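The residues making up each chain are set out below.
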Amino acid sequence: GGGGGGGGRRSSVKKVLILVSGVGSPRNWTHSVAGNSTQACAELMEIFVKVLYPDVIVVRLHSETNIFRYDENISFSKQELLPCVNAYRDAHARGEPYPDEMQATATVIAARESFDPDWKQTFSVAISFADGSPARTHAIQASLRRWYRPTYYHFWQLKTFWHDSKLSDEDIEVHPFEEMETVPAMDVAKINDEEVKLVIDEMKAFRAHFLQTLDENRNDIRTFWLRKTKKPVLAVLLVSDPEDRGRPRLYRGTNMEVSMPTGSLCAERNVIGTALATNPGLKREDLRMVAVLAVPLSKDDPSKAGLRRKIPSPPPDLDLNVCAVIDDTNSGAAAAAAQGHASASDSSTGISFPEGKEFL
């Protein structure tokens, strides 16, 4: 990962290479547990990099747990790798000394600088890998995906230097995050992220309340609030409440399409504005994730038809318990929605329930 700028507080680029090594439990119990360790390889790589690229900071992370097991790789990523990357990100976003600089000078930070919410514009992360343990590779990718959207460097041709004594760029394939992002559908019941669960439950409750209100015709949604488009959109925002020790707080918002020539108000901007109005001390970094849901609206007005609105039936083979993760946010994307720039490419967590079905 590397970064420069830091909201104008830095003028040079910081390059940090994190070498991840580990061991795998041997099949034969009589063999040494460290017999297949890659720690020595990481040490050689550090020497190699420091000789050829002295401006690159090398950080070595070694795990003594089994790299072939998913649960142990997840623990390693959460407890060691992510904190290391986050430390460099936080220092970059605050314009403070980086972790390696603090260690070299024994720097003590008396007062923290403000956190730059636009840190993603000047901070990037890349993953370099070949084959190795699928459990290790996937755990690292999953841990970095949410906040950093890393670029991938895939070494498909191995040992060129060993055989030909040269380094070849042709052995490396570079893939941006957008090309590699293929998140499969997931069962909502299997989601372990407590914050995501909070957003899902709140959106379900919001949707049920909204549809009940439509059915009972206790509203001006068709005749006034959405009279131009008649396309309701719901939004749920999760923030870390700065006045309550960072505890999660949920807000609801809807779009308003009263007059298209004079502009409309999208659900995301509305819910962010609601949160800000409730707490003017809210910061961009307090915005955790935003979920958006399009609700189908019947063309018939229940007050005129005398019939209760019916929710469209699902396709015959659609599993109602399946969901697909869209993405996350770390304040920047949610704030972009507040500025009227929200789009399908924004980095924000979205929940979509097409035709009344539940997807994350």
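This one's a predicted model, so the numbers in the text were calculated from it and none came from an experiment.

Cut-offs used in this document
- Residues numbered from 1 in each chain as written.
- Predicted model: local features only at pLDDT ≥ 70, side-chain atom pairs only at ≥ 80, totals over all residues.
- Heavy atoms only, no water.
- Helix = DSSP H or I, 4+ residues; strand = E, 2+ residues; numbered from the N terminus.
- Buried < 20%, exposed > 50% of the residue type's maximum accessible area, 1.4 Å probe, protein only.
- Areas by Shrake-Rupley, 256 points an atom, 1.4 Å probe, with all protein chains shown as cover.
- Salt bridge = Lys/Arg side-chain N within 4 Å of Asp/Glu carboxyl O.
- Phe/Tyr/Trp six-rings, centres within 6.5 Å; stacked < 30°, edge-to-face > 60°.
- Lys NZ or Arg CZ within 6 Å of the ring centre and 35° of its normal.
- Contact = heavy atoms within 4.5 Å.
- Polar contact = N/O pair within 3.5 Å; in protein donor to acceptor, adjacent residues only side chain to side chain.
- Expected span 1.5 Å × (residues − 1).
- Core = buried A, V, L, I, M, F, W, Y, C linked by side-chain atoms within 4.5 Å.

(A) Here's a closer look at the overall build of the protein. Helix and strand content of the protein: 11 helices and 12 strands. For the protein, with 360 residues in total, the buried portion stands at 38%. Carbon and sulfur atoms form 54% of the exposed surface of the protein, whose accessible area is close to 20900 Å².

(B) Representation of the pattern of salt bridges within the structure. As enumerated under the stated definition, the model contains 15 salt bridges in all. The residue lysine 14 makes a salt bridge to glutamate 101 at a minimum N-O spacing of 3.2 Å. Of this pair, lysine 14 sits in strand S2 (residues 13-23) while glutamate 101 is found in helix H3 (residues 99-105), placing the two residues 87 residues apart along the sequence. Residue arginine 89 is joined to aspartate 90 by a salt bridge in which the shortest nitrogen-to-oxygen separation is 3.0 Å. Shared partners join several salt bridges into a network, and the residues in it are Glu43, Glu46, Lys50 and Arg60.

(C) Here's a closer look at the packing of aromatic side chains. Per the counting criterion, the structure on display carries 7 aromatic pairs. Where phenylalanine 129 meets tyrosine 152, the ring centres are 6.3 Å apart and the plane angle is 90°; that geometry is what we call edge-to-face. A residue pair is termed long-range when its members are at least 10 positions apart, and phenylalanine 129 in strand S5 (residues 126-129) and tyrosine 152 in strand S6 (residues 151-155) qualify at 23 residues. In this pair, the class of phenylalanine 129 matches that of tyrosine 152, namely buried. Among the aromatic residues, those joined into a cluster by ring pairs are Trp119, Phe123 and Tyr148. Above the plane of the ring of phenylalanine 76 lies arginine 136, whose end atom (NZ or CZ) is 4.6 Å from the centre.

(D) Fine view of the environment of proline 248. Position of proline 248 relative to the elements: it lies in strand S10 (residues 247-254). Assessed through its relative accessible area of 45%, proline 248 is described here as partly exposed. Sequence spacing of proline 248 and leucine 287 is 39 residues, and the spatial spacing of their C-alpha atoms is 9.7 Å. Apart from residues lying up to four places away in sequence, proline 248 is in contact with Leu198, Leu238 and Val239.

(E) Here's a closer look at the side chain of serine 63. Relative to the helices and strands, serine 63 resides in strand S3 (residues 57-66). For serine 63, a relative accessible area of 2% corresponds to the buried category. A polar side-chain atom of serine 63 sits 2.6 Å from a polar atom in the side chain of arginine 136. Once residues lying within four places of it in the same chain are set aside, the contact partners of serine 63 are Ser21, Gly22, Val23, Phe76 and Arg136.

(F) Broad picture of helix H7 (residues 194-216). Here H7 contains 23 residues, and its C-alpha end-to-end distance of 33 Å stays within 8% of the 33 Å for a straight helix at 1.5 Å per residue. Taken together, the buried positions of H7 are occupied by Val196, Val199, Ile200, Glu202, Met203, Phe206, Arg207, Phe210, Leu211, Thr213, Leu214 and Asp215. In this structure aspartate 193 caps H7, since a side-chain oxygen of it lies 2.9 Å from the backbone nitrogen of glutamate 195. Looking one or two residues beyond H7, the residue adopting positive phi is asparagine 217, at roughly 60°.

(G) Structural context of the nonpolar core. In this structure, Tyr88, Leu144 and Tyr148 are the most contacted members of the largest nonpolar core, which totals 24 residues. Elements with a minimum of two residues in this core: S3, helix H2 (70-94), S5 and helix H4 (134-148). Within the second largest apolar cluster, 19 residues are counted, among which are Val196, Ile200, Phe210 and Leu226.

Keep in mind these numbers describe shape, not what the thing actually does.
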